[in-house]
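Descriptive analysis of the structure
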Amino acid sequence: MYNNPVSPLGGAAAAGMGSGTLAMTGAGDLFWFALAAFAMLALGLAIKRIVPVRAQKNLPS
């Protein structure tokens, strides 16, 4: 991670080469997609806990 030479135009070049180049951690794009999927799942579960649940009406038989 720290032995990669950085050029002054590195930021502009990395912007057009994908997210794997931007971080330079060695992790591929699949890692970032999995991380994003986990974040979306966590967000959905958090919203599900916050939003009140409608009570079901028990209809007499």
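Taking an unreviewed UniProt entry as the reference, the protein chain is identified by name as 4-amino-4-deoxy-L-arabinose transferase-like glycosyltransferase belonging to Paenarthrobacter histidinolovorans.

1. Some details on the packing of aromatic side chains
Under the criterion given, the structure shown has one aromatic pair. Ring geometry for phenylalanine 31 and tryptophan 32: centres 5.0 Å apart, planes at 70 degrees, overall edge-to-face. Relative accessible area serves as the criterion here: at 44%, phenylalanine 31 is assigned to the partly exposed category. Given the relative accessible area of 29%, tryptophan 32 is considered partly exposed.

Each value, and the rule that gives it
- What you see as residue numbers is a count from 1 along each chain, following the sequence as written.
- Local features in a predicted model are, by the rule used here, given only for residues with pLDDT of at least 70; side-chain atom pairs are given and counted only at 80 or more, and totals for whole chains, interfaces and linings are based on all residues.
- The side-chain quantities take in all heavy atoms of the structure and omit both hydrogens and water.
- Two rings from Phe, Tyr or Trp (for Trp, the six-membered ring) form a pair when their centres are within 6.5 Å of each other. A pair whose planes differ by under 30 degrees is stacked, one over 60 is edge-to-face, and the rest are tilted.
- Partly exposed residues are those whose accessible area sits between 20% and 50% of the maximum for their type, while under 20% is buried and over 50% is exposed, using a 1.4 Å probe and protein chains only.

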